[in-house]
Amino acid sequence: MCILLLSLLVLAFSRLVIGQGNQSNIPNTFPHAWPGQPNGTFSPEWQTYFEVTQKLPNITGPLPRMFAGNIPVNRQGHPNDTLFFWAFEKQGANGTLTAPANANNTDPWIIWLQGGPGSSGMIALTTENGPIHVLANGTWVFNNFSWNHLADMIWIDQPVGTGFSTADSTGYVSDEDQMGEDFLGFLSNLVQVFPSLATRPLFLTGESYAGTYIPYITKHLFQTQNPPVKLRKIAIGDGSLGSEATVEHLPVINVIETYPAIIGYDQDVFNYFREQEHLCGFDLNLSYPQNGQFPTLNLVRPTENSALSQSLLEPTKTRTRSKSLQRAVAEKFVAAQGGRSLSKRAEFFERREESHQQWKRDLSGRANGTIDPFYGCLLLDELIDYAVNFTFPWSNGDFDVYDIPDATNPEPFLNASTFFNDNRTRAALHAPTSKDWIRNFDYPFGNTHARSKGNQYGDPSVEPIAFLSDLATNASAANVSIIFYSGNDDSLVQHHGTEVIIQNMTFGGVQGFTRKPSTPWFDDDGNFAGIVHQERGLAYVLFAGAGHLVPMWRPAQALVFLREFVLGDNLNGTVSGTIIVGGENSTLANDYLPGGNEIFYGSSATQGTSTIPAATQAAWNSFIATATATQPPLGKANGASSVVRSVLGTTGLLAIAVMWIV
């Protein structure tokens, strides 16, 4: 009863916080004019103002030459709409950013965008691919694999209002087209300050919801008669290129096949999810070459009248994104058990195992053929609930959608807020004083927190998949290459969804890849790094052992990727006539790349490792080889839902699963 009450209270709170059309909590912010700011329009005179010359707190040792501050987006009627940037010159260089305009200068430069929507680009700078990294204890270290080792690098907070970027309370972007226009306005001013950037090749990179930003920005660059920059290549990691159904829920079976430990190697549970996948229409057949377009996926919502089903429906259609999923899971778990004595908690786990066995008994005898009314086709939510209720070590109360094998609870939190909000940092970076820097915030599209329109984030724009084929055609004409890359350990924007999107788009006059990606690539030490495939101006790279934030988990391999496939033109994996450069490996031609056999757990640090016995893995491999060769059973489906409801509804389920796509 208390758990149900908690679920209802959380649900009521979510409705209160994200009330329709609520503008009372929309921030009103503006840039700060620090001493020495020039008067007049942007020009190279501003370089001296933006240069970071003051010592940054707690950063010891030399840093490359750098520049930072806010630059307007030139939106009429909104002079306080700006984007914040922090730029670093290439390691060892001096004067590359401040070089004069020269059409013969071919030095590359890179922009990095974070996702969210509403996540700061400084997250990547301080935890992924930037030169300085914050640790969980608040100290700082230098990153030997920073991307500015290879080129001038600029991290940006965008859209307006994100991170240290500013916006008045009516100046937030209404949709992605507005975002694209703003970004071009920012670039137009940026190249006035740094003229060489106007003609040097730009490599536009980012991850997650930047998979929506970057295609829209690229579209607007192609539509502009005289674009402010010379785009050479776009690279999108674990990108939100399609619908919620495609990127989050369709790949669930692939997630389980990659890490069957999530369901405890339980064959009955696998068959259950496989059946739900089929009933939801998610079992699409990828062929090489692809034969025909995939149908539009209909994401069936929960219909069962319960606190959880309502939280999955209201008010974002799926989930509010006001904090991390890991925190939501942990808080629900603590609320369910925190007050119990050790003996009581032991009884709780005994009851949970009894409930698990009852769940399985109902599963085997259920009437199949109907989508589970309790979850609908929100299969990722259902998988997470199963793991945190029944599968060790996720049953300790945490499931990291960004990195499956990380089951630490709480996770080590890498938060640079103290650093950025230190007044010494603000002054050094010419940052605004009208706001505090935060990692993520609930982006108010159209200046409201209305979530009755658009996607699960309130973004009313069509997903990029709707125009990716046209974008690819224009990219080919402009000699702009496209790269999609994924971390194999990511479950939130899993690589199978990206592969579906590739096979459903046309590039180089042909739909999808003509050969299945199966060419290995290797890091500088000769270690297997993943899979690469390239055809007709589009490259796809899969990182082994990396989660959603690829440069965080595989920094060395990410730098090799940047050097070889982004800045370079390494042909490994390229289809050339009837052959593929680098060859094909039949063991890599499966629908999934097996994950590791270790799951890490602990409190705020890795304190233990759960290793899967070889015999368990062998038995599973034997099962999966047979199971995936047959069609899923049809004809029944709702018998287990009542047990799922009673079990998951009373043992620490996610009443609201909260995710940010950072």
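The text that follows walks through the structure, step by step, so that each part is easy to find. (Residues numbered from 1 in each chain as written. Predicted model: local features only at pLDDT ≥ 70, side-chain atom pairs only at ≥ 80, totals over all residues. Heavy atoms only, no water.)

Another point: the pairing of strand β2 (residues 82–88). The element β2 is largely enclosed, with a buried count of seven among its seven residues. Taking every second residue as pointing to the same face, both faces of β2 are buried, with Thr82, Phe84, Trp86 and Phe88 on one and Leu83, Phe85 and Ala87 on the other. As paired elements, strand β1 (residues 66–72) and β2 share seven bridges and run antiparallel to each other. Paired with Gly69 across the strands is Phe85, a residue of β2. (Buried < 20%, exposed > 50% of the residue type's maximum accessible area, 1.4 Å probe, protein only. Helix = DSSP H or I, 4+ residues; strand = E, 2+ residues; numbered from the N terminus. Pairing = 2+ DSSP bridges.)

On to the packing of helix α4 (residues 176–193) against helix α5 (residues 210–223), then. Their axes nearest at 8 Å, the elements α4 and α5 cross at an angle of 65°. Along this stretch, α4 crosses α5, giving a crossing that reads as right-handed. Contacts from Glu176, Asp177, Met179, Gly180, Glu181, Phe183 and Leu184 of α4 reach α5 at Thr212, Tyr213, Tyr216, Ile217, Lys219, His220 and Leu221. Partitioned by chemical class, the residues of the contact of α4 with α5 number seven nonpolar, three polar and four charged. (Axes fitted to C-alpha atoms, helices over the stretch in contact; angles between N-to-C directions. Left-handed = near helix turned anticlockwise from the far one by under 90°. Contact = heavy atoms within 4.5 Å. Nonpolar A, V, L, I, M, F, W, Y, C, P; charged D, E, K, R; others polar.)

So, on to unusual backbone geometry. The peptide bond linking Gly116 to Pro117 adopts the cis configuration, its omega dihedral lying at -5°. Relative to the helices and strands, Pro117 resides in the loop between β3 (109–113) and α3 (122–127). Across the junction of Phe392 and Pro393, the peptide omega takes the value 5°, indicating a cis bond. Here Pro393 is to be found in the loop between α12 (379–390) and α13 (417–420). Of note, the phi angle at Tyr265 is positive, near 55°, even though the residue is not glycine. One non-glycine residue, His430, lies in the positive phi region at around 55°.

Turning to the environment of Leu83, a few remarks are in order. Position of Leu83 relative to the elements: it lies in strand β2. Owing to a relative accessible area of 1%, Leu83 belongs among the buried residues under this scheme. A sequence separation of 80 residues divides Leu83 from Gly163, and the C-alpha atoms of the two residues are 9.0 Å apart. Aside from chain neighbours lying at most four places away, what touches Leu83 is Gly69, Asn70, Ile71, Val73, Ile156, Asp157, Gln158, Pro159, Val160, Ser165, Phe183 and Phe186.

Ordered by their spatial adjacency, 10 strands build an open sheet running β1-β2-β6-β3-β7-β8-β9-β14-β13-β12, and the pairing between neighbours is mixed. A single partner strand is all that each edge strand has here, and the edge strands are β1 and β12 (519–522). On average, each strand axis in the sheet is inclined to that of its neighbour by 25°, with strand direction left out of account. Inspection of the sheet shows strand β7 (residues 201–207) paired to strand β8 (residues 230–237) by seven bridges, in the parallel sense. Paired with Leu202 across the strands is Leu231, a residue of β8. Contacts between helix α16 (residues 495–503) and the sheet are confined to β9 (481–487) and β14 (538–543), with β14 contributing the most and set at about 165° to the helix.

Further remarks concern the state of the cysteines. Overall, the coordinates contain one disulfide when judged by the stated rule. Between Cys280 and Cys377 runs a disulfide, and the two sulfur atoms are separated by 2.0 Å. Here Cys280 and Cys377 share a disulfide; its torsion about the S-S bond, -100°, makes the bridge left-handed. Of this pair, Cys280 sits in the loop between α8 (267–279) and α9 (307–313) while Cys377 sits in the loop between α11 (342–365) and α12, and the two are 97 residues apart along the sequence. Accessibility classification places Cys280 together with Cys377 in one group, the buried group. (Disulfide = S-S within 2.5 Å.)

Scanning all chains against the criterion turns up 41 aromatic pairs. Summarising the aromatic geometry, the rings of Tyr172 and Tyr443 are spaced 5.7 Å apart at their centres and angled 75° between planes, so their arrangement reads as edge-to-face. Note that Tyr172 is positioned in the loop between β6 (152–157) and α4 and Tyr443 in the loop between α14 (423–429) and α15 (468–477), a separation of 271 residues in sequence. Summarising the burial analysis for this pair, Tyr172 and Tyr443 share the class buried. (Phe/Tyr/Trp six-rings, centres within 6.5 Å; stacked < 30°, edge-to-face > 60°.)

Summarising burial for β8: six of the eight residues are buried, a large majority. The handedness of the β7 to β8 crossover, carried by α5, is right-handed. With five bridges joining them, β8 and β9 adopt parallel strand pairing. Bridging across to β9, Ile234 finds its partner in Ile482. (Right-handed = clockwise from strand over helix to strand, strands pointing away.)

Right, let's talk about α12 for a bit. In this model α12 runs 16 Å from its N-terminal to its C-terminal C-alpha over 12 residues, within 8% of the 16 Å that 1.5 Å per residue would give. Within α12, the full set of buried residues consists of Leu379, Leu380, Asp381, Glu382, Leu383, Ile384, Asp385, Tyr386, Ala387, Val388, Asn389 and Phe390. (Expected span 1.5 Å × (residues − 1).)

Turning to the side chain of Ser196, a few remarks are in order. When you line up the elements, Ser196 lands in the loop between α4 and β7. Among the residues examined, Ser196 registers a relative accessible area of 0% and is labelled buried. For Ser196, the residues in contact, after removing those within four places along its chain, are Thr96, Leu97, Ala99, Pro100, Ala101 and Asn105.

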